[in-house]
Amino acid sequence: MTKHSTESEQLDRFGLEEGPVSAPTEHHHWIPIRDLHARHRPRILEHLLTLDERDRYLRFGFQVNEEQIRRYVASIDFHRDEVFGIFNRKLELVAVAHLAGMPGDQNRGKAMEFGVSVLHSGRGKGLGMRLFNHAMMHARNRGASHMMIHALTENAPMLRIAMKAGATIERDGPDAEAWLKLPPDTVGTHIDSSIQSIAAELVYRAKYQALHLSDWIKHQVS
């Protein structure tokens, strides 16, 4: 992507297309978002290594090489943090969000940092926005009062999405932080989170069984 890329193209890069996402419509049906755990490190690594140079730059805020990505994935604390993924029909991990715990702050209290990446094959479907909303709910359920998005100031689409959610932007040269104040958790957010997690796992297992059954049938026919 060049500096002349349109904002629409940048929105597409992160799966952050604008539009209503709070209420399901024929264009915004439910998308299963699966909880990822330590055993999924190889899948997360494969996803991030698939990103091109520009995508890696926007995701991490600086140029990263393969070794740095490997160290990042190895350092994820799955007890402190939460990681979510969206899989396609072939069970490829096309979108990943990392909701990381942050040190407490006297002014803001407990906060969590949000980062997201979407592969080319998963773009144009609003997956980044879905993960953003999903992360907000999980941050609330963990007792966080704020969610923070660190982004380059040139990453206007990501910052604009945060601003539309009500975040305040703090800029420091080429870097920016978007701070979103979260409402407290409720019984409803915990129930909703549990139902979505269970449903996403069931959908994944169903896809897994269907994919392997299809492979078995093809093998028998051949």
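Above this note sits the structure.
Predicted, not measured: the structure shown is a model, and the values here were computed from it.

**Q** Which residues make up the environment of Arg171, and what values go with them?
**A** Its location among the elements puts Arg171 in strand S6 (residues 168–172). Residue classification places Arg171 among the exposed residues on the basis of a relative accessible area of 54%. For the pair Arg171 and His150, spaced 21 residues apart in sequence, the C-alpha separation works out to 10.0 Å. The contact partners of Arg171, leaving out residues within four places of it in the chain, are Thr153, Leu159 and Ala176.

**Q** How would you explain empty space enclosed by the protein if you had to name every residue and give the values?
**A** The full count for this structure, using the stated rule, is 3 cavities of 30 Å³ or more. Taken as a whole, the largest cavity holds about 60 Å³ of empty space. Forming the walls of the largest cavity are Pro32, Ile33, Arg34, Phe87, Ala200, Val203, Tyr204 and Lys207. Here the element with the most residues in the lining of the largest cavity is helix H7 (residues 187–221); it accounts for 4 residues. Looking at side-chain class alone, the lining of the largest cavity contains 6 nonpolar, no polar and 2 charged residues.

**Q** Before we move on, can you summarise unusual backbone geometry with the specific residues and values?
**A** In this structure, Leu91 takes a positive phi of about 65° despite not being glycine. Turning to its location among the elements, Leu91 is positioned in the loop between strand S2 (82–87) and strand S3 (93–101). Residue class for Leu91 comes out buried when judged on its relative accessible area of 7%.

**Q** Go over the pairing of S6 with me, naming the residues and quoting the values.
**A** Pairing of S6 with strand S7 (residues 175–181), which is carried by 5 bridges, proceeds in the antiparallel orientation. Paired with Thr168 across the bridge in S7 is Trp179. Where S6 folds back on S7, the antiparallel hairpin that results is connected by 2 residues, among which Gly173 adopts a positive phi of roughly 65°.

**Q** Please set out the environment of His150 residue by residue, giving values where relevant.
**A** Relative to the assigned elements, His150 resides in strand S5 (residues 146–152). Those residues within four positions of His150 in sequence are excluded, and the remaining contacts are Glu113, Asp175, Ala176 and Glu177.

Criteria and thresholds
- Residues numbered from 1 in each chain as written.
- Predicted model: local features only at pLDDT ≥ 70, side-chain atom pairs only at ≥ 80, totals over all residues.
- Heavy atoms only, no water.
- Helix = DSSP H or I, 4+ residues; strand = E, 2+ residues; numbered from the N terminus.
- Buried < 20%, exposed > 50% of the residue type's maximum accessible area, 1.4 Å probe, protein only.
- Contact = heavy atoms within 4.5 Å.
- 1 Å grid on protein atoms, 1.4 Å probe; cavity = no way out; pocket = protein on both sides within 12 Å on 5 of 7 lines; lining within 4 Å.
- Points joined across faces, edges and corners; volume = space filled by probe spheres on them.
- Nonpolar A, V, L, I, M, F, W, Y, C, P; charged D, E, K, R; others polar.
- Pairing = 2+ DSSP bridges.

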